Amino acid sequence: MVEKQVQERGIQDPKVLSVLRCIPRHRFVPEGIREESYRDKALPIEDSQTISQPFIVAAMTEHLHLKGHERCLEIGTGSGYQTAILAELALEVYTVETIPKLAEKAKDVLLNQLKYRNIFFRTGDGSHGWPEHAPFDAIMVTAAPPHVPPALFNQLKMGGRMVIPLGPAPDKQELSCFTKTNTGIEKRVLFPVRFVPLIRSR
Ligand code: SAH
């Protein structure tokens, strides 16, 4: 998976590659389709949600430029696979999931089975971020809103990076990377993607 799907497509950060090799992706995939865990595609989890394709997980992670000291916010825990990768590369991960059933399942795999101690979970609408633990050095969003929720910009540290899929419709999304600087927010559009929409609470 790592060599063919990730490395050969240009992901070079040795730490990202090594973490992808170590994390058992099958533990995050529903039992009935576990033999597909290392294929080159997104897979369904519960409630019409998905675990992202390995290459997308790798590319998004690489763009955060994690060194190990960061406090990281993730919106859209989903299966918890991306959460585990962030937890290996950053100091702490604060992850928010809106569907309670998915949050519970991810918590069981990450805390009880894989014994992570640097992941903190919250169930609710992640478009509000997690103000009690802000600011964050890095923010990763794994569901697509039409625009960046303002709370997420506010909770990003100066110099921090945010990777987020943006778009009004599933076939019109772009993966975007924002850096907060003294002079404002810099945006880079990376490539087209297809994510589930960010669900807004009322
Ligand atoms: N990183 C996950 C991706 C899961 S798909 C993985 O690879 O497994 C996106 C996830 O975002 C879903 O679990 C969905 O329920 C969640 N989500 C959607 N809207 C949300 C919101 N407003 N706040 C938090 N999570 C949200």
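Before reading further, recall that the structure is shown in the block above.
Below, the structure is looked at part by part. No experiment lies behind these values; they were computed from the predicted model shown. (Residues numbered from 1 in each chain as written. Predicted model: local features only at pLDDT ≥ 70, side-chain atom pairs only at ≥ 80, totals over all residues. Heavy atoms only, no water.)

Examining the overall build of the chain
Part 1: Along the chain, the regular secondary structure elements total six helices and nine strands.
Part 2: Here the chain has a C-alpha radius of gyration of 15 Å; the compact-globule value for 202 residues is 17 Å, and the two agree.
Part 3: In the chain, which comprises 202 residues, the share counted as buried stands at 53%.
Part 4: Across the chain, contacts joining residues at least 24 apart in sequence account for 52% of those joining residues at least 6 apart. (Helix = DSSP H or I, 4+ residues; strand = E, 2+ residues; numbered from the N terminus. Rg over C-alpha atoms; globule rule 2.2 N^0.38 Å. Buried < 20%, exposed > 50% of the residue type's maximum accessible area, 1.4 Å probe, protein only. Contact = heavy atoms within 4.5 Å.)

Looking at the site of the ligand
Part 1: Close to the ligand lie 24 residues; Ser-79, Glu-97, Asp-125, Gly-126 and Ile-199 are nearest.
Part 2: Side-chain polar atom of Asp-125 to a nitrogen atom of the ligand: 2.8 Å apart, as the coordinates give it.
Part 3: Between a nitrogen atom of the ligand and a side-chain N or O atom of Thr-142, the distance comes to 3.3 Å.
Part 4: For the ligand, whose free accessible area comes to 570 Å², the fraction covered by protein is 100%.
Part 5: Of all the elements in the fold, those that place two or more residues in the shell around the ligand are β2 (50-51) and β4 (92-97).
Part 6: Split into classes, the residues belonging to the shell around the ligand amount to 10 nonpolar, 12 polar and two charged. (Near = heavy atom within 4 Å. Polar contact = N/O pair within 3.5 Å; in protein donor to acceptor, adjacent residues only side chain to side chain. Areas by Shrake-Rupley, 256 points an atom, 1.4 Å probe, with all protein chains shown as cover. Nonpolar A, V, L, I, M, F, W, Y, C, P; charged D, E, K, R; others polar.)

Some thoughts on the pairing of strand β6 (residues 136-141)
A regular strand places its side chains on the two faces of the sheet in alternate fashion.
Part 1: Within β6, six of the six residues are buried, which leaves the element mostly enclosed by the surrounding structure.
Part 2: Where strand β3 (residues 71-75) and β6 come together, four bridges link them in parallel fashion. Across the sheet, residue Cys-72 finds its bridge partner in β6, namely Ala-138.
Part 3: Sheet topology note: the β6/strand β7 (residues 156-166) ladder contains four bridges and is parallel. Bridging across to β7, Phe-136 finds its partner in Leu-156. (Pairing = 2+ DSSP bridges.)

With respect to the packing of helix α2 (residues 14-22) against helix α4 (residues 81-89)
Part 1: α4 packs onto α2 with a crossing angle of 130 degrees between their chain directions and a minimal axis gap of 10 Å. In terms of their interaxial angle, α2 and α4 are classed as oblique. In terms of crossing hand, the pair formed by α2 and α4 is right-handed. Across the interface between the two elements, Lys-15, Val-16, Val-19 and Leu-20 from α2 touch Tyr-81, Ile-85, Glu-88 and Leu-89 from α4.
Part 2: Taken together, the residues of the contact of α2 with α4 sort by class into six nonpolar, no polar and two charged. (Axes fitted to C-alpha atoms, helices over the stretch in contact; angles between N-to-C directions. Parallel < 35°, antiparallel > 145°, perpendicular 65-115°, else oblique. Left-handed = near helix turned anticlockwise from the far one by under 90°.)

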